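Structural overview for review
The residues making up each chain are set out below.
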Amino acid sequence: MNTTSLANQPAVRPAPEPSPLRVGIVGMGRVGARRARCVLDHPDLALHAVCDVNDRVRDHWPNARFSADYHDLVADEEIDLIIVCAFNNVAPDVVVNALELGKHVFCEKPPGRSVGDVRRMIDAERANPGLRLKFGFNHRYHYSVLEAKSLIESGRFGKVLWVRGAYGKCGSLQFENEWRSDKDIAGGGILLDQGIHMLDLCRVFCGDFNQVKSVVTTSHWNIPCEDNAFAILSNDAGQIASIHSSATQWKHKFEIEVCLEEGYLVLDGILSSTRSYGDEKMTFARKQFEDTTKAFGRPREETIVFDTDDSWRLEIDDFARCIRSDEPVTDGNSHDALRVMELIEMIYAESRS
């Protein structure tokens, strides 16, 4: 039998590692800077360019190309991925322009100022099916939310019956002069700015809603948009969600209660850069009656405390993975953006009626 020496076989060389995805960021305020740090820490991403109307930004990111006009950054042929942290009235134009020029796009919430803005972005996404588009609903990636979602999906406590959520902040000395309080720029008030996260999480826990009752008010601040929004949502499965989004919560608050057929869970507090929303905790219990616990309405609870916020990193990790593996975006995709914006417009419309 003839044999061939292994020494004479051609060497098998490993495939070269792909070059990092080159990233451009439009809008280098607080959120843009945070996204930039996530990019710098990621092994498969490289910060290539930044854009901001503030010329002094170039001094903080000397190793990245700088431009004051987003058109220049988006047109850079060396960029693979655009992260959009621009104002709400500009972001949809940047997203559409970037997709049309062949870039993957990650866009911060809210996804524009209206459902029409989202539909424009979806049209551009559909016209470029090889590209990925993701929106920044980073609350989905908080460890407390991931744990709650896992518990719900396990079926241990049966199906979700109702959700009750409150998300509030106190404003600030300059709150009335901030861009978020300018309706022409922001498109809406506290509901669109912060309540959108609560609505998105209600969808994560329950799915879609198709009926809304609401009251939206400007009760304290001298601004042209809402500082409080109260809404009750329902769906054909009989699930109910109630939310309160507030800019008059003088003590910052984040809380979601989820009642299921056989138990409940409560998310209390959420980690942020200011740590002003308290510790991030999830408390859960199986329903127990007094014949089991010898206490009326006080089941035995278990609490998990989370002391690390990796949500921003996990979100970017997920998007980079989708691009590299050519997989669809499943969390924070354009459908999620459209549905939550439709809910917001329903809340505004129902309150006016």
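Residues numbered from 1 in each chain as written. Predicted model: local features only at pLDDT ≥ 70, side-chain atom pairs only at ≥ 80, totals over all residues. Heavy atoms only, no water.

1. Quick word on helix 8 (residues 190-206)
For helix 8, with 17 residues, the first-to-last C-alpha span of 23 Å sits near the 24 Å given by 1.5 Å per residue. Where helix 8 bends most, the angle comes to about 50°, and this point is Ile196. The element helix 8 is extensively covered by neighbouring structure, given that 17 of its 17 residues are classed as buried. Gly207 sits one or two residues past helix 8 and shows a positive phi near 95°. (Helix = DSSP H or I, 4+ residues; strand = E, 2+ residues; numbered from the N terminus. Expected span 1.5 Å × (residues − 1). Bend = angle between axes of the 7 residues up to and from the residue. Buried < 20%, exposed > 50% of the residue type's maximum accessible area, 1.4 Å probe, protein only.)

2. Some remarks on the packing of aromatic side chains
Evaluation of the coordinates by the stated rule reveals 6 aromatic pairs. Each ring, one from Phe106 and one from Phe319, has its centre 6.0 Å from the other, and the planes form 55°; the classification is tilted. With Phe106 in strand 5 (residues 104-108) and Phe319 in helix 10 (residues 311-325), the pair connects residues that are 213 residues apart, well separated along the chain. Exposure remark for Phe106: the relative accessible area of 0% places this residue in the buried category. Taking relative accessible area as the criterion, Phe319 reaches 1% and is therefore assigned buried. (Phe/Tyr/Trp six-rings, centres within 6.5 Å; stacked < 30°, edge-to-face > 60°.)

3. Here's the deal with the sheet that holds strand 12 (residues 263-268)
Picture the strands of a sheet paired through backbone hydrogen bonds; they go either parallel or antiparallel. Strand order in the open sheet formed by 8 strands is 8-9-10-7-11-12-13-14, and the pairing between neighbours is mixed. Both outer strands of the open sheet, strand 8 (211-217) and strand 14 (302-306), are each paired with one neighbouring strand and no more. Shown here is a sheet whose adjacent strand axes are inclined to one another by a mean of 10°, direction ignored. Where strand 11 (residues 253-260) lies against strand 12, 6 bridges are found, and the strand directions are antiparallel. Each residue of the ladder has a partner; that of Glu255, found in strand 12, is Asp268. Contacts from helix 8 reach strand 7 (160-168), strand 9 (228-234), strand 10 (240-246), strand 11 and strand 12, with the element oriented near 160° to strand 10. (Pairing = 2+ DSSP bridges. Axes fitted to C-alpha atoms, helices over the stretch in contact; angles between N-to-C directions. Contact = heavy atoms within 4.5 Å.)

4. Considering unusual backbone geometry
Across the junction of Lys109 and Pro110, the peptide omega takes the value -10°, indicating a cis bond. Relative to the assigned elements, Pro110 resides in the loop between strand 5 and helix 5 (115-127). Notably, Arg275 is not glycine yet its phi reads approximately 60°, a positive angle. Positionally, Arg275 belongs in the loop between strand 12 and strand 13 (280-286). Among the residues examined, Arg275 registers a relative accessible area of 49% and is labelled partly exposed.

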